Amino acid sequence: MTAAVELAGVTKRFKLRGRKDPLTVLDDISLTVPGGGSIAIVGLSGAGKSTLLNALGLLERPDEGTISLFGRETTTLPERERAWLRGKTIGFVFQQLNLLSGRSARQQVAVPLLYEGGRSLRRRYRLADEALRRVGLGERLHSKVSELSGGEQQRVAIARALIRDPRLILADEPTGALDPVTAAQVMDLLFATAREDGRALILVTHDHHLARRADRLYTLDAGRLYADQVRTEQEIIPLDQRLYTGTLRELGPRAGVDRDFRHGGGR
Ligand SMILES: Nc1ncnc2c1ncn2[C@@H]1O[C@H](COP(=O)(O)OP(=O)(O)OP(=O)(O)O)[C@@H](O)[C@H]1O
């Protein structure tokens, strides 16, 4: 079966002012996410998480390597085709919500449908209303963004990301502004959506409890992606003994990374 997402040898460098050598932000990253799957990526600030999401979202081209989405290699496509594929395939839930404060929730959520054409305004609003109900905002269809709380605005952004039925959802701290109960409901929705029809969810978060809900966990550290090996170990070694095994001691702790998420170097 074709993978939803397949990265091979993805490398991204940035030129820094006043520095001769470029900074390697993504370093030879390979990754496969099967259809219906979800992965979470954790990592310290500056590890390259946003850069990786931007590459996956076809917002930036890598310097080396390939990125295939649902069997289609994207790095060599002309910009116009990348933009078309992005709009058709990817739903973004990013930290910056980019909502227009003068518009109502319904108008915001309907915006991505404008670029598709072919639907009447009534039908667009009907879909927007449905998406808003799914994130628990059925009572606030006509509220302006400026009248909504931070968490409600975040849910508007999620409804907008889902309205075109994206096959790939890229989420960066999607529940950062939500209380635990609403956060759990929103994540239920995102994970359930990912499981439908071979879609996929890639989640970047600092919240390790949330990260644990994904099928697989990766840590990005200085541009390199490490598969979570603790999970595999958990199956073999009881929790209370894990810290005493030679393998894990060899791996060593990583500053700032939750103990349960220590990982090995296998990529
Ligand atoms: N356009 C750019 N030009 C130069 N350097 C950049 C550029 N974009 C990102 N970087 C650098 O790349 C590194 C990784 O940045 P990135 O935003 O991907 O990290 P991150 O893991 O998302 O961090 P955070 O959790 O703080 O958002 C940082 O050192 C950053 O300064």
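With an unreviewed UniProt entry as reference, the protein chain is termed ABC transporter ATP-binding protein, source organism Actinocorallia libanotica.

Overview of the sheet that holds strand β3 (residues 37-42)
With mixed pairing, 6 strands are arranged side by side in an open sheet as β6-β7-β8-β3-β9-β10. Strand pairing shows two members of the sheet lacking a second neighbour, β6 (90-93) and β10 (224-227), which therefore form its edges. Strand-to-strand twist in this sheet, taken as the mean axis angle between neighbours without regard to direction, amounts to 20°. In terms of strand pairing, β3 meets strand β9 (residues 216-221) through 4 bridges, oriented parallel. Each residue of the ladder has a partner; that of Ala 40, found in β9, is Leu 217.

Considering the nonpolar core
By size, the foremost hydrophobic cluster in this structure holds 63 residues, and its most contacted members are Val 5, Val 109, Ala 159, Ile 169, Leu 170 and Ile 202. Tallying contributions element by element places helix α5 (residues 150-162) first for this core, with 6 residues. With residues up to four places along the chain from it excluded, the contact list for Ala 159 reads Val 109, Ala 131, Leu 132, Arg 134, Val 135 and Leu 137.

Some points on the sheet that holds strand β4 (residues 64-69)
Strands sit in the order β2-β1-β4-β5 across an open sheet of 4 strands; the sheet is antiparallel. One side of each edge strand has no neighbouring strand; the edge strands of this open sheet are β2 (23-33) and β5 (72-73).

Some thoughts on unusual backbone geometry
Backbone geometry at Glu 173 places phi at a positive 45°, although glycine is not the residue there. Of note, Glu 173 is situated in the loop between β7 (168-172) and α6 (180-195). Taking the C-beta count within 10 Å as the criterion, Glu 173 has 17 such neighbours and is therefore assigned partly exposed. Phi is positive for Ala 222, which is not a glycine, with a value near 50°.

Some thoughts on the pairing of strand β8 (residues 200-204)
In terms of burial, β8 is largely enclosed, as 5 of its 5 residues are buried. Here β8 shows two buried faces, one formed by Ala 200, Ile 202 and Val 204 and the other by Leu 201 and Leu 203. As judged from the 5 bridges shared by β3 and β8, these two strands associate in the parallel manner. Paired with Ser 38 across the bridge in β8 is Leu 201. For β7 and β8, the ladder comprises 5 bridges, and the chain directions are parallel.

Conventions we followed
- Residues numbered from 1 in each chain as written.
- Predicted model: local features only at pLDDT ≥ 70, side-chain atom pairs only at ≥ 80, totals over all residues.
- Pairing = 2+ DSSP bridges.
- Helix = DSSP H or I, 4+ residues; strand = E, 2+ residues; numbered from the N terminus.
- Axes fitted to C-alpha atoms, helices over the stretch in contact; angles between N-to-C directions.
- Core = buried A, V, L, I, M, F, W, Y, C linked by C-beta atoms within 7 Å.
- Buried ≥ 20, exposed ≤ 12 C-beta atoms within 10 Å, placed from the backbone.
- Contact = placed C-beta atoms within 7 Å.

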